[in-house]
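# Analysis of the macromolecular model
Here is what each chain is made of, one letter per residue.
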Amino acid sequence: MAMCVCWGPVVRVLVLQAAWALGGGQVRYSVPEEAKAGTVVGRLAQDLGLEAGEPEARRLRLAAQGRRASVEVSGASGALVVSSRLDREELCGKSAPCALRLEVLVERPLRVFHVELEVTDINDNAPLFPAARKNLSIAELSLPGSRFPLEGASDADIGANAQLSYTLSPTEHFMLDVKSSDENRKSLFLVLAKPLDRETVPVHRLVLTASDGGRPPLTGTMELVISVLDANDNAPQFNQSVYKVQLPESAAEGTLVVRVSATDLDEGLNKQFSYSIVSSVPAGKRDMFTIDRKTGEIRLVGALDFEDNIFHEIQIEAADRGTPPLSGHCSVELEVVDVNDNAPEVWVTSLSVPVPEDAAVGTVVALLSVSDRDSGANGRVRCAVWPAAPFGLVATFAGSYSLVLREALDRERVPEYEVEVRAEDGGAPPLRASRGVRVPVSDVNDNAPAFAQAVYTVLARENNAAGAELARLWARDPDEAGNGRVSYSVAEGGVGGAAVGAGWRPASSYVSVDAESGRLWALQPLDYEELQVLQFEVRAVDAGEPPLCGNATVQLFVVDENDNAPALLPPAGGGPGPGSAGEAASGPGSGALWAWAAWGAPAGQVVAKIRAVDADSGYNAWLRYELWEPRGKGPFRVGLYSGEVSTARALEEADGPRQRLVIVVRDHGEPSRSATATLSVSLVEGAEAALAAAGSSSSSSSSSSGAGLRPGAGAEGGAAAAAATATATATTNVWLVVAICAVSSLFLLAVVLYGASRWAPRAAVLSGPGPATLVCASEVGSWSYSQRQSRSLCVADGAGKSDLMVFSPNFPPPPGPAAKETQPEPPALLDTPFNTCMSIDSLMEVPENFFSKNPKIVLYTRRKPVPIAIRDILTASLQLDV
């Protein structure tokens, strides 16, 4: 006995699990109607396999249905309890069994369970007759066995509770005959058992009792008042006792249902009769039909509804005009045929939005319920979703669907979907219904910031103010909120910087970028002589989790300003250099130099050469030399661009023993800067000048002219040296004269060879092998070749810079077809005069129509400007006099 008590609950659980498996995952409960509120129908949470506390944590609940279910789920215990009055007749009518289909939802994860609740019938409705009193008239001559139809009672219950039995109060003249056409319908007839005698008993009062099959049974009664009539002893007779008809529920008003026919064997008034409708089942539907009293045509005057009633029974009476009148009866059984007159209905029972854009394929977005009140094929519903992507429908149970994700989402492409669930039944023609579902997509950080350009080129003038705005960078992030909020920074860690002297400085020491706006600021003034190009990376990082970033390279080119004055170089030989430089307008200082010149020297003879260099570039470093003193027509002149001091005419004794020259060196900047040099030229005899030149050549390597150039030691020192040299020369023998002639010959040969090398073709300079030569644009539109590059185009004495500067005269393009060229042109070369940096070797790739727009350029060397054709540069056929 103890074993039975212990194993009892286990056996019940096993039986419940077996029933769950056989039922395909559906829980079934049964509850009697009229159960009190709070009655526990079943332990739903336990039957669904939920642990204690899970029903409330996972929000176990019933999904909303189209009609009231009268039950609810207890949040604490998870039990299914009665919430309001359960009336089976109200819920299901005469349908049996009365099953309510419920959907139960749980969350985390979202699941749906289907529960079938059967409401069982109790005997709570007593049989009910159409009227409490029924009057009958029966002819006195009626023969025993005559039958008179009676209208039976109806019971709203079903099953045994609706099985009615009839009894008649005791009488010797009448008996009750009950015939069952089927299990649900019974025909009652009052049968005359004994001939009537109106004079004995003119009126018979009987009680008809109807009892149902419930326990205990309930009863209903109707009083029969039977009046005995005399004479007319033949009642009308129908040719059929039962007429069976089928009509579609869509039949219009006025439709002929059936035509009944009866005959009467009497004659005269007793033979004339009229038709009438006595009663109908179900009760209350009598007004839906009308009958022609003469022809017996029954027509429809109301609307049929298959979903309301599928069967109608009409009792027809034919009553003659005899005295007393006699009547015959028949019944019309009308079966209603279903038509597709109900569209499907779609409900959204649960919706989980918004959906993250990284949601996995198969994620359940919504639960839907679909139903159709029609039957058969008219009630079978097919569902589809539009648009077909990225969502789809999955059938989970009869009439239940899940809206699931079929494809990956992208909020940046489609931020919200309007999904339409379409339902169509199987009728002909089919009826359709739809339900719109709005599905917003939530953002995730799946897009990195992207700059509009991979490389930004920024031009900044040197000596700019600290804090000046250089450029504005912008990166786009299509994400929203924090995922799309971008902050900017200069990338560190060796990504960008500049070599300064012997060290290296990071880019962040020069520039800074505003974290929010992307504005690029200068942290300090820039110096072109220190830094020409600064390349670094700017990083854009969003505020997502995890953050994503994008990079852009910034190339900052420093544009030269004329902030350096020319600097005089010391003479070849290592002596101290000339004096300080200053602004042209500020009264320059002077540096003392001296040189020898012979009386009678012809015009154009080079006496000395002034050498200077400018730390700037381009126009700012292009120097010109001017003779400041003496003004007017003096015996000397200075080369404008070479700095060579030469005789302007033949020197005479009238010019004096010494000439003092003040030479100003200026650049081409705006404003220009300058330096001055003072040159003292001593005029001596030709032999003394030759000896002085020889002495200069032996003590140091001089300039190409061979003229002596020494730091000035005063006029008295020069005169004393000249006198000493003259005395020594007078005592020199002929061998010394021969030696001097030999030295002069060698010097002349050197000059000839030097001139030949100067005028020889320089094709190797422009087109020879080696690394590419870079030609850069300055702010004034020039191309400058700097000594910092790998190849020199110009040869000058000393350590001065060798700059090749090319300027476009900007001639207008010649008329003709060349000016109407439609082929795309490189804008850097064709639209503006030399406004970019390029390799000289790449000039070979210049488009043909470039020459029509720039037919001439000017090549500036250290000596003088030389106008040449650009094709001469490309073919290297030009000899440069440098």
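## Topic: the overall build of the protein
Broken down by element type, the protein carries 11 helices and 59 strands. Here the protein holds 882 residues, and 40% of them are scored as buried. The long-range share in the protein, meaning contacts at least 24 apart out of those at least 6 apart in sequence, stands at 67%.

## Quick look at unusual backbone geometry
Negative phi values dominate among residues other than glycine, just as trans dominates among peptide bonds. Residue Pro429 is bonded to the preceding Ala428 through a cis peptide linkage, with omega at -5°. Here Pro429 lies in the loop between strand E30 (416–425) and strand E31 (432–442). Look at the link from Glu629 to Pro630: it is a cis peptide, with omega at -5°. In this structure, Pro630 sits in the loop between strand E48 (623–629) and strand E49 (636–638). At Arg108, a position not held by glycine, the phi torsion is positive, near 55°. If you trace the backbone, Arg108 turns up in the loop between strand E6 (99–106) and strand E7 (111–120). Judged by relative accessible area, Arg108 falls into the exposed class, the value being 58%. A positive phi angle, near 55°, is found at Ala481, a position not held by glycine. Of note, Ala481 is situated in the loop between strand E35 (475–476) and strand E36 (486–490).

## A few points about the sheet that holds strand E34 (residues 469–472)
Sheet architecture is open: 3 strands sit in the order E34-E40-E39, paired in antiparallel fashion. Where the open sheet ends on each side, the last strands, each with one partner, are E34 and strand E39 (511–513). Across the sheet, the axes of successive neighbouring strands diverge by a mean angle of 20°, strand direction being ignored.

## Points about a nonpolar patch on the surface
A cluster of nonpolar side chains, contributed by Val348, Leu351 and Val353, occupies part of the molecular surface with about 200 Å² of accessible area. Its location among the elements puts Val348 in strand E24 (residues 345–351).

## Considering the packing of aromatic side chains
For the structure shown, the criterion picks out 9 aromatic pairs. Ring geometry for Trp622 and Tyr641: centres 5.3 Å apart, planes at 10°, overall stacked. Of this pair, Trp622 sits in the loop between strand E47 (612–613) and E48 while Tyr641 sits in the loop between E49 and strand E50 (644–647); the two residues are 19 residues apart in sequence, bridging distant segments of the chain. Under the relative-accessibility criterion, Tyr641 is labelled buried at 14%. Chaining the aromatic ring pairs together yields one cluster made of Phe238, Phe273 and Tyr275.

## Digging into the side chain of Asn340
Along the chain, the position of Asn340 falls in the loop between strand E23 (327–337) and E24. Within the local environment of Asn340, its side chain forms a polar contact with the side chain of Asp425, the two groups lying 3.0 Å apart. Among the polar contacts listed, one links the side chain of Asn340 to the backbone oxygen of Pro429, at a separation of 3.1 Å. In this view, Asn340 contacts Asp374, Asn378, Asp425, Gly427, Ala428, Pro429, Pro430 and Leu431; residues no more than four positions away in its chain are not counted.

What counts and what doesn't
Residues numbered from 1 in each chain as written. Predicted model: local features only at pLDDT ≥ 70, side-chain atom pairs only at ≥ 80, totals over all residues. Heavy atoms only, no water. Helix = DSSP H or I, 4+ residues; strand = E, 2+ residues; numbered from the N terminus. Buried < 20%, exposed > 50% of the residue type's maximum accessible area, 1.4 Å probe, protein only. Contact = heavy atoms within 4.5 Å. Pairing = 2+ DSSP bridges. Axes fitted to C-alpha atoms, helices over the stretch in contact; angles between N-to-C directions. Patch = residues over 30% accessible without salt bridge, like charges linked within 9 Å, V, L, I, M, F, W, Y side chains within 5 Å. Areas by Shrake-Rupley, 256 points an atom, 1.4 Å probe, with all protein chains shown as cover. Salt bridge = Lys/Arg side-chain N within 4 Å of Asp/Glu carboxyl O. Phe/Tyr/Trp six-rings, centres within 6.5 Å; stacked < 30°, edge-to-face > 60°. Polar contact = N/O pair within 3.5 Å; in protein donor to acceptor, adjacent residues only side chain to side chain.

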